[in-house]
Amino acid sequence: MTDTPTQLFIGGAWVDAADGATMPVDDPATGEVLCHVADAGPKDAALAEDAAVQAQEEWARTAPRVRSEILRRAYEIIIERTDELAHLMTAEMGKPLAEARGEVAYAAEFFRWFSEEAVRIDGGLATLPDGRNRMLLSRRPVGPCLLITPWNFPLAMGTRKIGPAVAAGCTMVLKPAPQTPLSSLALAAILKEAGLPDGVLNVVTTSRAGEVCEPLLRGGRIRKLSFTGSTGVGQLLLAQSAQAVVRTSMELGGNAPFVVFEDADLDKAVDGAMVAKMRNMGEACTAANRFFVHRSVAEEFARRLAERMDALVVGPGTRDGVDVGPLIDRTGRAKVEELVADAVQRGARVLVGGRTPEGPGCFYPPTVLADVDPTSRLMDTEIFGPVAAILTFDDEDEVIRRANDTPWGLVGYVFTEGLDRALRVSERLEVGMVGLNTGLVSNPAAPFGGVKQSGLGREGGRVGIDEFLEYQYLAVPVS
Ligand code: NAP
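Residues numbered from 1 in each chain as written. Predicted model: local features only at pLDDT ≥ 70, side-chain atom pairs only at ≥ 80, totals over all residues. Heavy atoms only, no water.

J.: Looking at this structure, I do not really get the UniProt feature "domain: Aldehyde dehydrogenase" (unreviewed entry) in the chain. What am I missing?
T.: Look at the UniProt record and you will see "domain: Aldehyde dehydrogenase" (unreviewed entry) annotated at residues 14-472. As a span, residues 14-472 carries 40% helix and 20% strand, and end to end its C-alpha atoms are 36 Å apart. (UniProt positions renumbered as here; feature names shortened; annotations may be inferred. Helix = DSSP H or I, 4+ residues; strand = E, 2+ residues; numbered from the N terminus.)

J.: Just to check I follow, could you spell out unusual backbone geometry for this structure?
T.: Residues other than glycine predominantly adopt negative phi, and peptide bonds predominantly adopt the trans conformation. One non-glycine residue, asparagine 280, lies in the positive phi region at around 60°. Tracing the backbone shows asparagine 280 in the loop between α9 (266-278) and β13 (288-294). At methionine 281, a position not held by glycine, the phi torsion is positive, near 60°. Mapped onto the elements of the fold, methionine 281 is located in the loop between α9 and β13.

J.: Looking at this structure, I do not really get the sheet that holds strand β22 (residues 469-477). What am I missing?
T.: Across a sheet, strands are paired by hydrogen bonds formed along the backbone, either parallel or antiparallel in direction. Taken in spatial order, the three strands of this open sheet run β5-β6-β22, and their pairing is antiparallel. Each edge of the open sheet is held by one strand with a lone partner, namely β5 (124-127) and β22. Across the sheet, the mean angle from the axis of one strand to that of its neighbour is 20°, orientation sign disregarded. Where β5 and strand β6 (residues 133-141) come together, four bridges link them in antiparallel fashion. Along β6, the bridge assignment pairs glycine 124 with leucine 137. (Pairing = 2+ DSSP bridges. Axes fitted to C-alpha atoms, helices over the stretch in contact; angles between N-to-C directions.)

J.: Is there a simple way to think about the sheet that holds strand β15 (residues 367-370) in this case?
T.: Strands sit in the order β14-β15-β16-β13-β12-β18-β19 across an open sheet of seven strands; the sheet is mixed. Here the strands that pair on one side only, and so sit at the sheet edges, are β14 (349-352) and β19 (433-436). Sheet twist, expressed as the average angle between the axes of neighbouring strands with direction ignored, equals 25°. Here β15 runs beside strand β16 (residues 387-393); their pairing, made up of three bridges, is parallel. Directly across from leucine 369, in β16, lies its bridge partner alanine 389.

J.: Would you take a moment to explain the site of the ligand for this structure?
T.: Taken together, 30 residues surround the ligand, and among them Thr149, Arg160, Ser230, Leu252 and Glu382 come closest. The contact in question runs from an oxygen atom of the ligand to an N or O atom on the backbone of glycine 229, over 3.4 Å. Here a nitrogen atom of the ligand and a backbone polar atom of leucine 252 are 2.7 Å apart. In the complex, 86% of the free accessible area of the ligand, which totals 900 Å², lies under the protein chains. In this structure, the ligand is accommodated by the largest pocket. Those elements giving two or more residues to the shell around the ligand turn out to be α5 (156-168), α7 (209-219), β10 (224-228) and α8 (231-243). Of the residues in the shell around the ligand, the class split is 18 nonpolar, eight polar and four charged. Split by domain, the residues of the shell around the ligand number at least three in each of domain 1 (8-252 + 454-475) and domain 2 (256-443). (Near = heavy atom within 4 Å. Polar contact = N/O pair within 3.5 Å; in protein donor to acceptor, adjacent residues only side chain to side chain. Areas by Shrake-Rupley, 256 points an atom, 1.4 Å probe, with all protein chains shown as cover. 1 Å grid on protein atoms, 1.4 Å probe; cavity = no way out; pocket = protein on both sides within 12 Å on 5 of 7 lines; lining within 4 Å. Sits in = over half its atoms within 2 Å of the grid points. Nonpolar A, V, L, I, M, F, W, Y, C, P; charged D, E, K, R; others polar. Domains from an automatic or database assignment.)

Rendered as structure tokens:
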């Protein structure tokens, strides 16, 4: 912790907030303050924006190979420092160290992937149909970007945006979540060490998100917003972006259905459920939120899932053998408690968990609820905690209708041994991603994103860089 930067990163320098303000960073496993970081206000945000705007032109002209090699070097540094970064993430966010190490690898991979994409930005030359004109097509960076990230994957949500922005030649102002600023500051230090020029990435940590971001979005100099967070905040930022017609990418909330058909391999389904539900303590936009299990296998599935959930060890993420760390804060835990209480009041059976432990920290036990009533609030609210809510269904059409009966459409999980059914059901689900007999879809080489109110655009994959590029077309007469 002693070497971790705690100041703002503006124009390549570490600086305090203009008014000297700081904010605490808490350890969710103990509730104690880990350290204080600079708390930026609008003045600091304007300086960060100035730095990004000033650096943009030269950065856009940098050779793609140079941008590629900076990302590659940063990838290597992150991998070398896996342990250090994992401890930092566990300290500020709570996830068990093994999961934090997994996130470091996942986060680094976005830099490796986009280091390879930086040198593959293409263009074109064509004779137009009239034969009298040519079209010369080039791709250019969209310009200075505002990147806003959530607390649940503090490192990976940053690299998933910074990687393609660097590859495309965009400069950035990054505003991380106030609960987890340290991972983003560590990332900025690594990118500087890897050779990223001053002003290309600027980081403003703040407890005053609205005051800091709104002027940037309305001011007309920021040309792109890439946001990951809740749908409600995404809607507000879309409205703010409208005035200056800022291009937006939105990775928003989910309400993932997890469908287990009567012909599913139940071992695979339970393994998949453990990943889809318990990755990151259930604090993931991809978390399975509604388990729809065919009536004929529901009892057996619930029994096996409850057995596995009951065997998980809950405790501080730094302790050996711990599978489930604390939730992010007391507010997050209170929301989970309320959702469980509501489901139980409507008739759900608690097979395991469901009781908040005494003592410090924001712990909540792995919980399985069976016979959940479809009117329960957790059916249309992201639980964001280690709670599996099981409902039953009788036929395919019915379960597809119920799975789609939500404003969100990020991801769905389908468990069946029938290929026809697997493809048919996947095609009918209104989601951006489907896990077929697997509980994990995230991969830097695949386009991540949702439909409906789960977002706009995709991150990762071949298309991830497109979000940071514009086309320019030159009309050239054939002489
Ligand atoms: P959140 O409350 O929407 O916050 C996300 C980020 O937006 C934070 O940095 C937050 O800072 C900032 N923010 C809030 N209000 C703002 C405003 N008026 N102007 C500018 N920035 C503002 O979400 P969260 O609780 O951190 O994260 C959980 C949510 O993220 C869930 O809904 C989850 O599904 C979603 N998520 C989606 C994906 C995906 O790829 N689709 C991935 C991960 C998470 P403050 O906290 O200071 O307000």
